[in-house]
Amino acid sequence: MIVVLDGYTLNPGDLSWDGFEKLGEFVCYDRTESSDIISRIGDADAVITNKTPLTAETLKACPGIKYIGVLATGYNVVDVAAASKAGIPVCNIPTYGTTAVAQFAFAQLLNICHHIQDHANTVKEGKWTACPDFCYWDFPLTELAGKTMGIIGYGRIGQAAGKIAQAFGMKVLAYDEYQNKDLECETMEYVSLDALLSASDVISLHCPLFESTEGIINKDNIAKMKDAVIIINTSRGPLVVEQDLADALRSGKVRAAGLDVVSTEPIKADNVLLKAPNCFITPHIAWAPLESRKRLMNIAVENLSSFQKGTVTNRVN
Ligand code: NAD
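Sequence order as written defines residue numbering, which begins from 1 separately in each chain. Where totals are concerned, whole chains, interfaces and linings use all residues; where local detail is concerned, this predicted model gives features only for residues with pLDDT of at least 70, and gives and counts side-chain atom pairs only at 80 or more. Heavy atoms from the whole structure form the basis of all side-chain values; hydrogens and water molecules are not counted.

Q: Lay out the environment of Arg156 with the relevant residues and their values.
A: Secondary structure elements follow DSSP: runs of H or I of four or more residues count as helices, runs of E of two or more count as strands, with numbering from the N terminus. Residue placement: Arg156 occurs in helix H7 (residues 156-167). Put simply, Arg156 and Ala102 are 54 residues apart on the chain and 9.2 Å apart in space, counted from C-alpha to C-alpha. Those residues in contact with Arg156, other than ones at most four positions away along the chain, are Pro94, Thr95 and Thr98. Each polar contact in these results corresponds to two N or O atoms within 3.5 Å; when the atoms are within protein, one needs to be able to donate a hydrogen and the other to accept it, and residues that are neighboring in sequence are counted only if both atoms are side-chain atoms. Among the polar contacts made by the side chain of Arg156, one reaches the main-chain carbonyl oxygen of Pro94 at a distance of 3.5 Å. Contacts are assigned to residue pairs that have any heavy atoms within 4.5 Å of one another.

Take a look at the structure:
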């Protein structure tokens, strides 16, 4: 049996689960509370999750699981070590959202550079009509050409964001544990983390959430950055120590932050970033254009279909 624990965000009604239904008995829940995870998995052999955690305890309590599919690129919701120990393949969807997430990082950045919505609001409120001049701006406007973009994690999305940055006339500095020197050119080079922090006007996070990257944006690293740096995070919330970022936004050390992800999602009402100045938070939507969700659905079905035929694709463990 195939169980989807939290299918709603992938398919709120504009896609079809047909592909999965053809692969076996199929149940899809819109969302699952932690207290229901074990009972809903029951003796299913294929479990599909997006953000519902699959812990070591859950895997132990559900010995029938033979396959875990994650409906996302980031697979930190699964205790992958426990899955490996139990011999369960964990498969993710590595490529569906590369272009959408890179585009979104720039949507956040361009909003910070021009305050489109803020200015559009003032026009609707009548400020332009009442203006003695032909134009006005209420927020600083910033040109990207000639600036330096530091990209932490130069994998698929990082490289796609890097190409956009280069098209805007920016210089790209990349920090990655694994380097493909063939990518280096006049406008892109790999550097150490410290060099990236100290030389970048904009820092965009595109590394996965690992122990080594958790809290990588913290007060010590922020202190190494240029004054008035812009930080974009479309990767995972816990890469940022939120109190440290809120303090830096308040002091102006960080000029603005564009965040599509936060430490706990949905965001808690008392998240310190909600009251931080110049902090633009979106509800984890970088991945979600219809085009990209269609690709995700197709790859998720192909992953399970391949597993059933004996060849595991997109396995992360
Ligand atoms: P990827 O695996 O292609 O790239 C990640 C890169 O990070 C790799 O090059 C890897 O070498 C590098 N890396 C690993 N550990 C590192 C470290 N300690 N320091 C620096 N670099 C390190 O993954 P991707 O497809 O580019 O996705 C990146 C992340 O984006 C995902 O892990 C996920 O968390 C996030 N994501 C977010 C959304 C969204 O909707 N906001 C959607 C998709 C993916």
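Q: I'd like a description of the packing of aromatic side chains, backed by residues and values.
A: Any pair of aromatic rings gets described here by the distance separating the centres and the angle formed by the planes. Stacked, tilted and edge-to-face are the three classes applied to pairs of Phe, Tyr and Trp rings, where Trp contributes its six-membered ring and a pair requires centres within 6.5 Å; stacked means planes under 30 degrees apart, edge-to-face means over 60, and tilted covers the rest. Scanning the model with the defined rule gives six aromatic pairs in all. Ring geometry for Tyr67 versus Phe307: centroids 4.9 Å apart, planes at 40°, classification tilted. On the criterion of sequence distance, the pair formed by Tyr67 in strand E4 (residues 67-70) and Phe307 in helix H11 (residues 290-308) is long-range, its members being 240 residues apart. Per-residue accessibility, obtained with a 1.4 Å probe over protein chains only, is compared with the maximum for each type, and a residue is labelled buried under 20%, exposed over 50%, and partly exposed between these values. Classification of Phe307 by relative accessible area gives partly exposed; the value is 24%. Seen in terms of ring centroids, Tyr154 and Tyr190 are 6.0 Å apart; in terms of plane orientation they differ by 85°. Their pairing is edge-to-face. You can see Tyr154 sitting in the loop between strand E6 (148-152) and H7 and its partner Tyr190 sitting in strand E8 (residues 188-190), a full 36 residues away along the chain. For the pair Tyr154 and Tyr190, a shared accessibility class is recorded, and that class is buried. Feature note: the residues Trp17, Phe20 and Phe26 constitute an aromatic cluster, connected by ring pairs. The criterion for a charge sitting over a ring is simple: Lys NZ or Arg CZ within 6 Å of the ring centre, and within 35 degrees of the ring normal. In this structure, Arg31 packs its charged tip against the face of Tyr8, placed 4.8 Å from the ring centre. The ring of Tyr29 carries Arg40 above its face, with NZ or CZ at 3.9 Å from the centroid.

Q: Tell me about the pattern of salt bridges, residues and numbers included.
A: Should a side-chain nitrogen of Lys or Arg be within 4 Å of a carboxyl oxygen of Asp or Glu, the pair is scored as a salt bridge. Scanning the model with the defined rule gives seven salt bridges in all. A salt bridge links Lys171 to Glu189, with the nearest nitrogen and oxygen atoms 3.0 Å apart. A residue pair is termed long-range when its members are at least 10 positions apart, and Lys171 in strand E7 (residues 171-175) and Glu189 in strand E8 qualify at 18 residues.

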